[in-house]
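Structural description and commentary
Each chain, written out:
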Amino acid sequence: MNSSTFTTDTRSRSSRAQLASTHIRPHSKTRVAYFHNKDVGSFHYGVGTGVGAVCKGASVYDTKKTGHPMKPHRLTLTNDLVINYGLHELMDVYCPRMATEAELLEFHESDYVNFLKKITPQNRDTEFADVLGNFNFGDDCPVFDGLWDFCRIYTGASLAAAQKLCMKDMEICVNWSGGLHHAKSYEASGFCYVNDIVLAIRQLLKYYVRVLYIDIDIHHGDGVQEAFYCTDRVMTVSFHKYEPGFFPGTGDTTEIGSELGKYYSINVPLKNGIDDDSYVNLFRTIMTEVKDRYQPSVIVLQCGADSLGLDRLGAFNLSIKAHGDCVKIIKSWQIPLLVLGGGGYTIHNVARCWAYETSVLLDANLPNEIPGESKYLDFFEPDYKLHPHLVGRVDNQNTKTDLKRLTEVIFEQLRHLDGAPVIQMQELPDGIAEYLQEADEELADTREDQRANKRMKRSKAHDNEFFDGDSDQEQDEENTMDLD
Ligand code: V1D
Ligand code: CA
């Protein structure tokens, strides 16, 4: 194990993970690798940090005291719990390298990558003022210090994890900093700049025939769906809130894929307040059918934690246990698995959730008491428990009848998949490179059309929306420790 990232462990034994299986898992074949670059938690999304920015209590360029809900510090909190529960002792730990520019260009367009590389809070309002909008930069996707490195760090971790799965010397790979599912090839979107998921899936496609992508973030996984909309080699399934005005506005059941990809995009649109039993039963029912019909050779699971109850941006009622049950269901299939993060805005619960899900992947039992040795113990007050009560802020607006009908609609779509795409890796023609190249070109054409459409729509749109997050912001600031 490469444990160079971590300091010496001086914890009491009581806070450590107990293995669910006997002894030291002598018969367990499941090898788990964890990818974490400790620098990833030190970045700060800043809104309006440029010249002339007004931000109460913050100086210009001080990105720490801004109201953006995406807090990379949640990744430091998660890692802290993973270490203090002793989970790092049960898996291989890697500090992955940053993705290269060439790797980003495998999906993203060169003018967008060039922009990402050059943009800084200092040149934003001078050199780049005219093009910020072209790349969808603004309140959701601000320019902040170290943006380029941040993108390369989280993407590098997803690519390293995918490569490990391609080498087939690991069954499960985890990168909690990844899962930024909204980024498009040509623009940022919804707090996401580089789509590490698309890049990781493209890597997996070199070694695996069928990739199943599952997304349990409360937002629709639009960027991943769009990237693979016309192929049957990737099946995408997103569970999300779908209501007028809720971001990103896509993800109706009618979005089913097109051309070769027709029927290979599944959407599960939900209303506010869905509870544990409804969600997990729906997830199990749909995903079991998808797995049986599609027979994926590898799975990518985006575990956005904004689907938890009490999330600052979310509106579901899920407990950490139920969110983790979805992970448990997928893990039980024993298919190579890439597990990624995503959204999640009540950061102490994000950390709890992803630490718990790490334990699920390891078949380890964690004590409910947060380890007293955690440097960030204050974040977990007042109960200091791994499984706090998260339910109750919103009523469940999903009736049993709604969910039954939704399942029927999706099963109807799945009936079109009468057998998984049959191409086997060993049967791939000699000209596989050319074949994949052609498929790429077709996808590029589709993306070109989509981009043109989107630019047209955007130029017509009059966007007056503004999020008033002051009270949440102040709440967050109270909980934010000095990270330097
Ligand atoms: F509340 C905010 C404060 C500051 C800046 C942005 C926000 C905010 C909240 N919700 N922005 C949103 C969503 N954007 C809109 C815009 C209004 N416009 C016309 C669009 O409603 C974006 C939500 C992004 C969710 C990201 C994610 O959770 O899915 C994610 N997954 O992986 C990484 C992030
Ligand atoms: Ca989702």
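About the cut-offs
- Residues numbered from 1 in each chain as written.
- Chains lettered and ligands numbered in written order.
- Predicted model: local features only at pLDDT ≥ 70, side-chain atom pairs only at ≥ 80, totals over all residues.
- Heavy atoms only, no water.
- UniProt positions renumbered as here; feature names shortened; annotations may be inferred.
- Helix = DSSP H or I, 4+ residues; strand = E, 2+ residues; numbered from the N terminus.
- Expected span 1.5 Å × (residues − 1).
- Buried < 20%, exposed > 50% of the residue type's maximum accessible area, 1.4 Å probe, protein only.
- Arc of directions from axis to C-beta.
- Contact = heavy atoms within 4.5 Å.
- Donors = N, O, S within 2.8 Å, 3.2 Å for Na, K, Ca; no water.
- Tetrahedral: all angles 85-135°; square planar, octahedral: opposite > 155°, others 65-115°.

In the annotation of an unreviewed UniProt entry, the entry for the protein chain reads Histone deacetylase, and the organism field reads Ambispora gerdemannii. On record in UniProt, under Subcellular location (unreviewed entry), the comment for the protein chain is "Nucleus". Regarding the protein chain, the relevant UniProt record gives this comment under Sequence similarities (unreviewed entry): "Belongs to the histone deacetylase family. HD Type 1 subfamily."

Here helix 10 (residues 400-414) is 15 residues long and its end C-alpha atoms lie 21 Å apart, about the 21 Å a rise of 1.5 Å per residue gives. Among all positions in helix 10, only Leu403, Leu406, Thr407, Ile410, Gln413 and Leu414 are buried. Projected down its long axis, helix 10 shows its buried positions confined to an angular sector of 120°, all on one face. Facing away from the buried side of helix 10 by more than 90 degrees, the exposed set consists of Thr401, Lys404 and Arg405. For helix 10, the elements touching its buried residues are strand 6 (234-241), strand 7 (265-270) and helix 7 (276-294).

In this section: the coordination of the calcium ion (ligand 2). Looking at the metal site, the calcium ion (ligand 2) is ligated by Asp215 (O), Asp215 (OD), Asp217 (O), His219 (O), Ser238 (OG) and Phe239 (O), spaced 2.4 to 3.2 Å from it. In this structure, the calcium ion (ligand 2) is surrounded by 6 donor atoms whose angles at the metal cover 70 to 166°, and the resulting shape is irregular. Sequence positions of the residues that donate to the calcium ion (ligand 2) give the spacing D-x1-D-x1-H-x18-S-F. Of the two residues, Asp215 is situated in strand 5 (residues 211-215) and Ser238 in strand 6; the sequence distance between them amounts to 23 residues. An identical accessibility class is assigned to Asp215 and Ser238; each is buried.

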